[in-house]
Amino acid sequence: MLRFIVIGITDHPNPWFPPEVMEIIKQGRVFSGGKRHHEIVAPFLPADAEWIDITVPLDAVFEQYCCLSDKIAEHTIIVFASGDPLFFGFANTIKRKMPEAEVVVYPTFNSLQMLAHRLVMPYHDMRIVSLTGRPWPEFDKALIERVEKIGVLTDKEHTPATIAQRMLEYGYTYYTMHVGEHLGNPELEKVTTLTLEETANRDFSMPNCVILDGRTIEDTKHFGIPDSEFTLLDGREKMITKMPIRLLTLQALDLPRRHVLWDIGFCTGSISIEARLQFPHLQVEAFEIRPECEAIIHENARRFGAPGINVHMGDFLTVCCDSVATYGTPDAVFIGGHGGRLKEIIAKVLTVLAPGGVIVMNSVKAPKVLTDSHRLWDEACQELGLTQEAPMRIVLDEHHPIEILKLTIQQ
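Small disclaimer: the values here were computed from a predicted structure and weren't measured.

1. A closer look at the overall build of the protein chain
Now for step 1: When you go through the protein chain residue by residue, the secondary structure sums to 14 helices and 17 strands.
Now for step 2: Overall, the C-alpha framework of the protein chain stretches about 90 × 50 × 35 Å when taken along its three principal axes.
Now for step 3: Here the protein chain holds 411 residues, and the buried ones make up 51% of them.
Now for step 4: Taken as a whole, the protein chain presents about 19900 Å² of accessible surface, with 52% of it coming from carbon and sulfur.
Now for step 5: With 39 positive and 55 negative side-chain charges, the protein chain shows a spacing of 3 Å between the two charge centroids.

2. Digging into the pairing of strand β12 (residues 283-288)
Now for step 1: Most of β12 sits inside the fold, with six of its six residues counted as buried.
Now for step 2: One ladder, built from five bridges, connects strand β11 (residues 260-264) with β12; its direction is parallel. When the sheet's bridge partners are listed, Ile264 is paired in β12 with Phe287.
Now for step 3: Assessed by its sense of winding, the connection that carries the chain from β11 through helix α10 (residues 270-278) to β12 is right-handed.
Now for step 4: As judged from the five bridges shared by β12 and strand β13 (residues 309-313), these two strands associate in the parallel manner. Following the sheet pairing, Glu285 is matched in β13 by Asn310.
Now for step 5: Crossover β12 to β13 through helix α11 (residues 292-304) is right-handed.

3. Here we look at helix α1 (residues 19-27)
Now for step 1: Within the sequence span of α1, burial applies to Val21, Ile24 and Ile25. Looking straight down α1, one finds its buried side chains confined to an arc of 95 degrees; they lie on one side. Of the residues in α1, the exposed ones pointing more than 90 degrees away from the buried face are Pro19, Glu20, Lys26 and Gln27.
Now for step 2: Those residues of α1 that are buried lie in contact with β1 (3-9), β2 (30-33), β4 (76-82) and β5 (102-106).

4. Describing the side chain of Thr241
Now for step 1: Tracing the backbone shows Thr241 in the loop between β10 (208-213) and α9 (243-252).
Now for step 2: Not counting residues up to four positions away in its chain, the partners in contact with Thr241 are Asp227, Arg246, Ser270, Ile271, Phe334 and Asn362.

5. Quick notes on the packing of aromatic side chains
Now for step 1: Tallied over the entire structure, the rule returns 15 aromatic pairs.
Now for step 2: Residues Phe230 and Phe304 carry aromatic rings whose centres are separated by 4.8 Å and whose planes lie at 55 degrees to one another, so their mutual orientation is tilted. Of this pair, Phe230 sits in the loop between β10 and α9 while Phe304 sits in helix α11, placing them 74 residues apart in sequence. Judged on exposure class, the residue Phe230 and its partner Phe304 are both buried.

6. Topic: helix α5 (residues 111-119)
Now for step 1: Restricting attention to buried positions, one finds in α5 the residues Leu112, Gln113, Met114, Leu115 and Ala116.
Now for step 2: The backbone nitrogen of Leu112 has a side-chain oxygen 3.0 Å away, supplied by the residue at the start of α5, namely Asn110.
Now for step 3: Positive backbone phi, at 50 degrees, marks Val120, one or two positions downstream of α5.

7. Digging into the sheet that holds β13
Now for step 1: The strand order across the open sheet formed by seven strands is β13-β12-β11-β14-β15-β17-β16, and the pairing between neighbours is mixed. This sheet does not close on itself; its edge strands, each paired only once, are β13 and β16 (392-394). The sheet shows a mean angle of 20 degrees between the axes of neighbouring strands, taken without regard to direction.
Now for step 2: Of the strand pairs in this sheet, strand β14 (residues 332-335) and strand β15 (residues 358-364) are connected by four bridges, and their pairing is parallel. Bridge assignment links Phe334 to a residue of β15, and that residue is Val360.
Now for step 3: Relative to strand β17 (residues 402-408), helix α14 (residues 372-383) is tilted by about 15 degrees, and along the sheet it contacts β15 and β17.

8. Concerning the nonpolar core
Now for step 1: Of all hydrophobic cores here, the largest spans 60 residues; its most connected members are Phe139 and Leu212.
Now for step 2: Ranked by residues supplied to this core, first place goes to α11 with five residues.
Now for step 3: Apart from the residues lying within four places of it in its own chain, the contact partners of Phe139 are Val129, Leu131, Val152, Ile163, Met167 and Leu212.
Now for step 4: Counting residues in hydrophobic clusters, the runner-up holds 26 residues, among them Val319, Ile345, Val349 and Leu353.

9. Comments concerning the pairing of β15
Now for step 1: In terms of burial, β15 is largely enclosed, as six of its seven residues are buried.
Now for step 2: After leaving β14, the chain enters helix α13 (residues 342-350) and then returns to the sheet as β15, a path that is right-handed.
Now for step 3: Judged from the seven bridges that link them, β15 and β17 form a sheet pairing that is antiparallel. The residue bridging Val360 from the neighbouring strand is Lys406, located in β17.

10. Observations concerning unusual backbone geometry
Now for step 1: With omega at 0 degrees, the peptide bond leading from Val56 into Pro57 counts as cis.
Now for step 2: Position of Pro57 among the secondary structure elements: in the loop between β3 (50-53) and α3 (58-68).
Now for step 3: Residue Pro207 is bonded to the preceding Met206 through a cis peptide linkage, with omega at 0 degrees.
Now for step 4: The topology assignment puts Pro207 in the loop between α8 (196-200) and β10.
Now for step 5: Look at Arg146: it is not a glycine, yet its phi comes out positive at around 55 degrees.
Now for step 6: Looking at the secondary structure, you find Arg146 in the loop between α6 (137-144) and β7 (149-153).

11. So, the environment of Arg257
Now for step 1: Relative to the assigned elements, Arg257 resides in the loop between α9 and β11.
Now for step 2: For Arg257, a relative accessible area of 55% corresponds to the exposed category.
Now for step 3: The sequence separation of Arg257 and Tyr175 amounts to 82 residues, and the corresponding C-alpha distance is 30 Å.
Now for step 4: At a separation of 2.4 Å, a polar atom in the side chain of Arg257 contacts the side chain of Asp254.

Reading the values: the criteria
Residues numbered from 1 in each chain as written. Predicted model: local features only at pLDDT ≥ 70, side-chain atom pairs only at ≥ 80, totals over all residues. Heavy atoms only, no water. Helix = DSSP H or I, 4+ residues; strand = E, 2+ residues; numbered from the N terminus. Buried < 20%, exposed > 50% of the residue type's maximum accessible area, 1.4 Å probe, protein only. Areas by Shrake-Rupley, 256 points an atom, 1.4 Å probe, with all protein chains shown as cover. Lys, Arg positive; Asp, Glu negative; His and termini not counted. Charge placed at Lys NZ, Arg CZ, Asp CG, Glu CD. Pairing = 2+ DSSP bridges. Right-handed = clockwise from strand over helix to strand, strands pointing away. Arc of directions from axis to C-beta. Contact = heavy atoms within 4.5 Å. Phe/Tyr/Trp six-rings, centres within 6.5 Å; stacked < 30°, edge-to-face > 60°. Polar contact = N/O pair within 3.5 Å; in protein donor to acceptor, adjacent residues only side chain to side chain. Axes fitted to C-alpha atoms, helices over the stretch in contact; angles between N-to-C directions. Core = buried A, V, L, I, M, F, W, Y, C linked by side-chain atoms within 4.5 Å.

This is the structure:
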C-alpha cells in the first residue's frame, strides 16, 4: 500500500520547514509536485531524489506512482502542494483516486487565508468557491444567493478580470474585489483592492486569488418577477407564463429537491429565470426553436441577475439529448411549447428523464372545451402508457382558466 506525505508550501522562494518535516524530506527518495513547487523546494531535496511532475492528465501521474510503489522503501511518496493540501488540494485528489492509500498531511495557510490575513479580514463567514479547473455554477449560486463575502480560487481561464466581467454582465455591481498575487512571496506578493469596473480591464499575475466583499448588498430579490419587467417576444403579453402561474408551475415541478431542469420552448425565458433565481442549486437547460428568442432570454437573464442558464437553439426533436445530459440527467421538465408534436417531445424526454422525474405543462382552457394542448397531452399519456396526476385548475381573471398538467415517472 502506498503512503503519501503531502507537505503544504506557499509561494515563498525560501520556505521554512519545521525539523520534523526537514527530516522527512532528508529521508525521502521519491518526490512529486508542480513545476513551480519543484523550483521552490529543489535546494532541500536529496541528491539522488526522483521527481514526478504533477501535470494533466492526472491519470498518467498516478500510473507513475503505482509503477514506483514496488521500488520505494516503505512505499512512501512525498508530495509538495500549495497551502493546505486538504483545501481543494492534491490530498483530496489522492483520497479520491487511491482511497486505499495512507495519507499524512503537513499543511500551511492556504492562499485565501493569507489574503484575509493581509486584509485583517475575519473569514469564518466567507463562502469558498473554487474556479480552478471548474465551471461557473457554484460561483453563480453564491451570487444569486447574495452571499456577502466570497473567496474565489482562480485559474488562467477564470481570472479576476473575467470574474468581474461576469458579475457586471449580470448586475452584481455592489461588490468590492480584493486580489492577492504571489501570496507568501516577499518579492512578488501584491494585494490590490478595486471596484469591479477597475478589475474588469486589468491583468494580474498568477498565481492569484480573490475575495469579494459585498457587505453593502441591498436585497432586491423578487419572489415572483412582475410580468411587466420582462422583455417580451414582439411585445406580446400573452407570450409569457404569468407570474402566479409561473410560481405554481415551479411548485408542481417540485424544484427544491430536483437537480436539473429542462425548459422546452422557453420563449422569454421566464420559467428558466424564475427557477434559477428561486432555486440556484438547479442546473437549467433551456430550449427554443424561434431564433429571435435567443437574444430575449439573454437580455432577461442579465436584467434579473440569472447567470448559468444553458441555452439551446433549434428544433428540440433534433437535439442530441445525450450531449445535453452531460450537464446532468434531467429530473424536471417543463414543456412551454410543442408545435403540435407533444407526443414526440414527451417520448424523447422519456429517453433521458431520471427515475422519479416529473413533466409539467400548462394548458389554457376555454369554457366547456378541451383545448388542443390538453387533448394532445391526454393522447400522449395514453399512447405512451403514462399516468398523469389530477390537473390543477387556476382562474386568474375573467379570461380562460389555466390547467397545470403533471405526470411523474415511477422509480
